[in-house]
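Structural overview for review
What follows is each chain in one-letter form.
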Amino acid sequence: MVQCPDCGPFRLDPASQRSWQLDDEWLIRKLRGALGIASQVSITCIVDGVWDIGRYRKRPVVVARRIDLVERHGLQIFHGHEPRTQSWVITPRPLGRMPQDPLAGVATWWHLEDRFALHGMALRLLDDVHEDAGDVLRDAIPVAINGPFSDDFQWVYLDDWPHGPIRLTEAQARLFAALWKHRNQAQPAEFLMRAAGLSSEKPMDVFKIKAANRGDPLYLGPLQAYEQLVSRQRRLGLYQLAWDQK
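Residues numbered from 1 in each chain as written. Predicted model: local features only at pLDDT ≥ 70, side-chain atom pairs only at ≥ 80, totals over all residues. Heavy atoms only, no water.

Looking now at the overall build of the protein chain. Helix and strand counts for the protein chain stand at 9 helices and 14 strands. Per-residue burial for the protein chain yields a buried fraction of 39% across its 246 residues. Sequence separation of 24 or more characterises 46% of the internal contacts of the protein chain that already satisfy a separation of 6 or more. Summed over its atoms, the accessible surface of the protein chain is roughly 15,000 Å², and 51% of this surface lies on carbon and sulfur atoms. (Helix = DSSP H or I, 4+ residues; strand = E, 2+ residues; numbered from the N terminus. Buried < 20%, exposed > 50% of the residue type's maximum accessible area, 1.4 Å probe, protein only. Contact = heavy atoms within 4.5 Å. Areas by Shrake-Rupley, 256 points an atom, 1.4 Å probe, with all protein chains shown as cover.)

Of note, Ala117 is situated in strand E8 (residues 116-119). Once you skip the residues sitting within four places of it in the chain, Ala117 turns out to touch Ala122, Leu123, Arg124 and Leu126.

Within a pair of aromatic rings, the relevant descriptors are the distance that separates the centres and the angle that separates the planes. Counting across every chain of the model gives 9 aromatic pairs. Ring centres of Phe153 and Trp180 lie 6.5 Å apart, and the angle between their planes is 55 degrees; on these two criteria the pair is classed as tilted. Placement of the pair is Phe153 in the loop between helix H6 (133-138) and strand E10 (155-156) and Trp180 in helix H7 (residues 170-181), with a sequence separation of 27 residues. Using a relative accessible area of 9% as the deciding quantity, one classes Phe153 as buried. On the basis of relative accessible area, Trp180 is assigned to the buried category, the value being 15%. Through a chain of ring-to-ring contacts, three or more aromatic side chains come together here, namely Phe149, Phe153, Phe176, Trp180, Phe207 and Tyr226. The ring of Trp88 carries Arg59 above its face, with NZ or CZ at 3.7 Å from the centroid. A cation over a ring is seen here: Arg115 above Trp110, with NZ or CZ 4.5 Å from the ring centre. (Phe/Tyr/Trp six-rings, centres within 6.5 Å; stacked < 30°, edge-to-face > 60°. Lys NZ or Arg CZ within 6 Å of the ring centre and 35° of its normal.)

A few words now on the pairing of strand E13 (residues 230-233). Note: E13 against strand E14 (residues 238-241), 4 bridges, orientation antiparallel. In the strand pairing of E14, Gln233 is matched with Leu238. In this structure, the hairpin formed by E13 and E14 is closed by a connection of 4 residues, where Gly237 is found at a positive phi of approximately 70 degrees. (Pairing = 2+ DSSP bridges.)

Within this structure, the stated rule accounts for 11 salt bridges. Ionic pairing is found between Asp114 and Arg93, a salt bridge with its closest N-O pair at 2.4 Å. Taken together, the positions of Asp114 in helix H5 (residues 112-115) and Arg93 in the loop between strand E6 (88-91) and strand E7 (108-111) put the pair 21 residues apart, joining distant regions of the chain. Judged by its relative accessible area of 40%, Asp114 is partly exposed. With a relative accessible area of 37%, Arg93 lands in the partly exposed category. (Salt bridge = Lys/Arg side-chain N within 4 Å of Asp/Glu carboxyl O.)

So, on to helix H9 (residues 217-229). Given a rise of 1.5 Å per residue, 13 residues ought to cover 18 Å, and the 17 Å separating the end C-alpha atoms of H9 matches this to within 8%. Among the residues making up H9, those that are buried are Gly221, Pro222, Leu223, Ala225, Tyr226 and Leu229. Among the structural elements, E10, strand E11 (166-167), H7, E13 and E14 are those in contact with the buried residues of H9. (Expected span 1.5 Å × (residues − 1).)

Another aspect to go through is the sheet that holds E14. Read from one edge of the open sheet, 3 strands run E12-E14-E13, paired in antiparallel fashion. The two strands at the open ends of the sheet, each matched to only one other strand, are strand E12 (187-188) and E13. Pairing of E12 with E14 involves 2 bridges; the strand directions are antiparallel. Across the sheet, the residue bridging to Pro188 is Leu238, located in E14. Along the sheet face, H7 touches E13 and E14 and points at about 85 degrees away from the line of E14. The sheet contacts of H9 involve E13 and E14, and relative to E13 the element is tilted by about 60 degrees. (Axes fitted to C-alpha atoms, helices over the stretch in contact; angles between N-to-C directions.)

Here Ser200 lies in the loop between helix H8 (189-195) and H9. Each residue touching Ser200, except ones within four places of it in the same chain, is listed here: Gln40, Met193 and Asp205.

Our focus in this paragraph is the sheet that holds strand E5 (residues 59-64). Sheet architecture is open: 5 strands sit in the order E3-E4-E5-E6-E7, paired in mixed fashion. Where the open sheet ends on each side, the last strands, each with one partner, are strand E3 (44-47) and E7. Neighbour-to-neighbour, the strand axes of this sheet turn through a mean angle of 30 degrees, independent of strand direction. Inspection of the sheet shows strand E4 (residues 50-56) paired to E5 by 6 bridges, in the antiparallel sense. Within E5, the position partnered with Tyr56 by the bridge is Arg59. Of the strands in this sheet, E4, E5, E6 and E7 are in contact with helix H2 (residues 24-35), which crosses E4 at around 15 degrees.

Worth remembering: the numbers are spatial, not functional.
What follows is the structure in structure tokens.
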């Protein structure tokens, strides 16, 4: 079936079906760009037609070709080896009738057509998510638990940074978590990036600042944390977390 904006849904003949195919990789790449998910964060194929593409506002983002795939494999998606409760689930709007909340509160369902707009060759999130009181509470800046880092490694505290706690991206937080776990011994870049689930070659890759963001403390802060907290043995290609524990 194809959804025509003028005449509604209609069935394709077999010859037309062979001419059309959804480019999953293109769609996932554009959705990650619209949600600000770092390209270094790995993509997980949960089942055929369902992917975990990263995190948005600290919650997993699940993309599926159809909502019935999510319903059929819900146990594996939300309660499997890596639990994904309270995910954002993105699918095209179904052509037929569906229950108001087919996910029964386990996750938040977004219709692709309603939440995203195509501009040129890029997707844009139409309306950012409104935070309720619970979201505001969860997003409150936590205290340092793991050395200079918060418990989830999303925040880092530097004594000589004048702009307060530094917010890290998901990729940066994953890298610092890997460095913290292996802080007692310097490790090769390949090992750390693999442990963090990132596809880049070097830790520095996730801290690079685009020209348009130079001078902005929001982007300078994570780079300052990396330069101050990570000891590098360049000749050996080894990296280790180092900070004053007093």
